[in-house]
Structure formats: C-alpha cells, structure tokens
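# Understanding the architecture of this molecule
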Amino acid sequence: MTDPAAAKRGPLTELLLYFLRLGVLGFGGPVALVGQMEREVVAERGWLTRDQMREAIAICQSLPGPLAIQVGIYVGYLRGGFWGAWIGGWAFILPNFLIVAALGALYVRLGDLKPVTAIFYGVSPAVIALILHSCYRLAKLGMEDKLQWAIAAACLVVTVILQAEVALLFLGAGLVGILYYGNLFRRPPPASLALALPMALPSVAPAASGSTLTKLLLFFLKAGSLTFGSGLVIVPFLEQGVVAQYGWLDQRQFLIAVAVGMISPGPVVITATFVGYLVAGFWGSVVATVGIFFPSFILVLVVAPLLARYGSNPNVQGFVRGAYAAAIGTILGACILLGRIAIGDWLTALIGAGSLAVLFRWKVHNALLIAATAVIGLVAYPLLQPAWVMVK
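Residues numbered from 1 in each chain as written. Predicted model: local features only at pLDDT ≥ 70, side-chain atom pairs only at ≥ 80, totals over all residues. Heavy atoms only, no water.

Here the focus is the pattern of salt bridges. Two side chains bearing opposite charge may form a pair once their charged atoms approach each other closely. By the definition in use, this model includes 7 salt bridges. A salt bridge links Glu-40 to Arg-21; its shortest N-O distance comes to 3.4 Å. Separated by 19 residues along the polypeptide, Glu-40 in helix H2 (residues 29-44) and Arg-21 in helix H1 (residues 12-25) bring together distant segments of the chain. By relative accessible area, Arg-21 is classed as partly exposed at 32%. For Arg-54, the salt bridge is made with Asp-51, and the minimal N-O distance between the two is 3.7 Å. Pair noted here: Arg-54 and Asp-51 are both in helix H3 (residues 50-61), with a separation of 3 residues, about one helical turn. (Salt bridge = Lys/Arg side-chain N within 4 Å of Asp/Glu carboxyl O. Helix = DSSP H or I, 4+ residues; strand = E, 2+ residues; numbered from the N terminus. Buried < 20%, exposed > 50% of the residue type's maximum accessible area, 1.4 Å probe, protein only.)

Relative placement of two packed helices is described by the angle separating their axes and the distance separating the axes. Direction vectors running N to C along helix H5 (residues 114-142) and helix H15 (residues 366-384) enclose 135°, while the axes themselves pass 7 Å from each other. Classified by the angle their axes make, H5 and H15 are oblique. The way H5 lies across H15 gives a crossing that is right-handed. Between H5 and H15, the contacting residues are Pro-115, Thr-117, Ala-118, Ile-119, Tyr-121, Gly-122, Val-123, Ala-126, Val-127 and Leu-130 on the first element and Asn-366, Leu-369, Ile-370, Thr-373, Ala-374, Gly-377, Leu-378, Ala-380, Tyr-381 and Leu-384 on the second. Split into classes, the residues belonging to the contact of H5 with H15 amount to 15 nonpolar, 5 polar and no charged. (Axes fitted to C-alpha atoms, helices over the stretch in contact; angles between N-to-C directions. Parallel < 35°, antiparallel > 145°, perpendicular 65-115°, else oblique. Left-handed = near helix turned anticlockwise from the far one by under 90°. Contact = heavy atoms within 4.5 Å. Nonpolar A, V, L, I, M, F, W, Y, C, P; charged D, E, K, R; others polar.)

Phi at Gln-385 takes a positive value of approximately 45°, unusual for a residue other than glycine. Counting through the fold element by element, Gln-385 comes out in the segment after H15.

Contact geometry for H5 and helix H11 (residues 251-263): axes closest at 10 Å, N-to-C directions at 55°. Considering the angle they form, H5 stands oblique to H11. Like other packed secondary-structure pairs, H5 and H11 cross with a definite hand, here left-handed. Here Val-116, Thr-117, Ile-119, Phe-120, Val-123, Ser-124 and Val-127 of H5 come into contact with H11, specifically with Arg-252, Ile-256, Ala-259, Val-260, Met-262 and Ile-263.

What follows deals with the state of the cysteines. Going through the model one piece at a time under the given rule, you end up with 0 disulfides. Here Cys-135 stays unpaired: no disulfide links it, and the sulfur of Cys-335, its closest cysteine neighbor, is 7.6 Å away. Residue classification places Cys-135 among the buried positions, given a relative accessible area of 3%. (Disulfide = S-S within 2.5 Å.)

Within this model, the second largest pocket holds a volume of roughly 370 Å³. Lining the second largest pocket are 19 residues; nearest its centre among them are Arg-39, His-133, Arg-137, Lys-363 and Val-364. Listed by contribution, the elements that provide at least two residues to the lining of the second largest pocket are H2, H5 and helix H14 (346-361). The element contributing the most residues to the lining of the second largest pocket is H2, with 7 residues. Per-class residue counts for the lining of the second largest pocket are 7 nonpolar, 6 polar and 6 charged. (1 Å grid on protein atoms, 1.4 Å probe; cavity = no way out; pocket = protein on both sides within 12 Å on 5 of 7 lines; lining within 4 Å. Points joined across faces, edges and corners; volume = space filled by probe spheres on them.)

Now the structure itself:
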C-alpha cells in the first residue's frame, strides 16, 4: 500500500469543487458512485493509482458505514491530508443534504409527494443496472484469482439467504486472505494487524434517550457505526428503528424516504436527512445527517494512517484482498434483494435490461440515465398503475 504522504497532493479548492460536483451529479447508489470516482480519479485525473483506489475500496468496505462517502473521505485524505478528508467528505454530502431537506419540507407542507412513486417506478430498475455495471468495473479493478471469486460467491449466497449484510463475512474473508496471501505461519503478525482488525468491529452505542433530537442523533450515530457496507443494505436497519422501534414514520412514509434517497444524487443513506426532517423539521434533518455520516470520518481518519504505515505487510494486504472479494459478493447479493423490490413487471424488467445494455455499449452519464428513466416512470405509472410499487 502506498503511503498517503507519497501520494499526489493537490489544492484543497480542487477537492472542494470536485466533490461538490460529484454530490450534485453522482447518481446510482454507492457502487455506482464508487465506480464513477474510480473512473474520474484514477483514469481521467490521475490523482490516485489503480492500486491505491483498489485498496481504498477494500478498506472502506471492511468498515461500518456508507461505502461511497468513506471512499470519498479516503480519496480526500490521500489527495489533501487531514483537511482534505473533511473538506472532500462534507462537500460530497452538502448538495445531497440541501436537495433532500428541501424535498422533506415539500412533503411536510403538501402532505404527500405522489410523483415520487412514479419516479421510483422508472428509476429503481435503472439503479439496479448502475449497481451491476459498477460492480463489473470494481471486479475488474480488484478481483485477481479464483480464491477471491470463491469468497465473493460464498458471500453472495449468505447475503441472499439471510437477506442482510453480515459484518463477520468481511472479517472472515479478511482472515482467509491473511492465511492464503500472507505469511502468518512464517512469523508472528505485526501489531498493525491487531490494531486494524478491531477497528472493523463495532462497539455498541448508548441507547437513545431524552429529547427527540437526542434520540435522532444517537440512533443515526449507531446506524452509521454498526451497519456494514453501504446505503443499499442499511435500509432494513433503519426501518427497524424508524418504523418498529420509535414509530417516527409509518411503512409508506419510510418507503418514500428510501425512494427519495435512491432518486437523489449522492449516497443512498441521505434517506436519513428526509427521515430527520419528517420527525423534527430542519434541525432534525441536520442532526440525522451528521449522525449517519460522522462515524465514517472518524473511522477512515483513524484507520487510514495505520494502513498507510503498515500496508506493505503481506498479512495486511491479504486481509484487504479477502475483504475486497467479500465486498463484491455482498454487493451482488444486495443487488438481488433490491431487484425484487425494483423489478415487478415487464416494463421495469425492460428498463433494467435496457439500462444495462446502454451502460455497457455507451459512456452514458449516470445523471442522464436517471433523468431518462424518471421521465419513463412519470409517463408510464399513471397509465399502467402497477399496484406492487412501494408495497413489495
């Protein structure tokens, strides 16, 4: 692993403008956003090498919290150090926050956002296509041998069967990587490995109590700290707390919040902003947003220097390779689970297949694909009136 001190550094304003733009135009969920960053940061701008980007993805996938934001923070750290991480990360989040908070205000004022259902109908199968295409790019970036593919296949099966992402999959895959690629049996593992592995094990946050804002903050801090992988698989955790535990929203309101997170640019976990606004207004949206994303900054900024210092160790590299393979498998498994919600009739199947074909055939920007499928949804939903949308 390359030391961040040796990475190409650039002005902080460059990071600020890039991540503001990514926050406005980055559609398609975490895997699509990571794929877009990989293309722009490595191939087009040359800020990072291919190996640096692969390691960044594997490291961030091995930590709890939203994948896309963590990769953005890590890229900012490699490019601009400590302040680059904070500036890049919050610049990435800010446009999403403003858009979703505005939608939350409209929902509260108007009582409903009926066009969201129609947009969700057209956009959600395109999101699945974006995830699959980006996963293909990520597999090309970091999948190198049969063992990694075997790990990915096992993690895919477990994710689909359990219908959840299991943190122990990443730790187990990392340990397999250490045993196969490292030198654990030739010499004792370094202290760095003992430091790095516990960082991937979450600690339980205190139970929420007190005011509504305090409860929101503690709940979303816990969500950001305990949920591995990405916004794609954080939804069941949020639903359990928001709907079942606290009763802040009903089932339909929560599904609308998820739809807003999926059709807006940036990470899917921006759903937290919408939930926060519905529960406690503007300050609720601020508290929920800070809570869901703040743990990612701490985790990345603590782990990144350790990995920069000890990353050349074969055991650490083996852990990264195993965890990367687990990431590919769990993302594909989550894609299957989400596909059951997104694709329910002939038109959504056609949109998904057509979007995937377009992405492989032409270099279509994610925002253009999302806009086109949103229009299809707005036109087709009133005509077909599918009863399964937002219900499955």
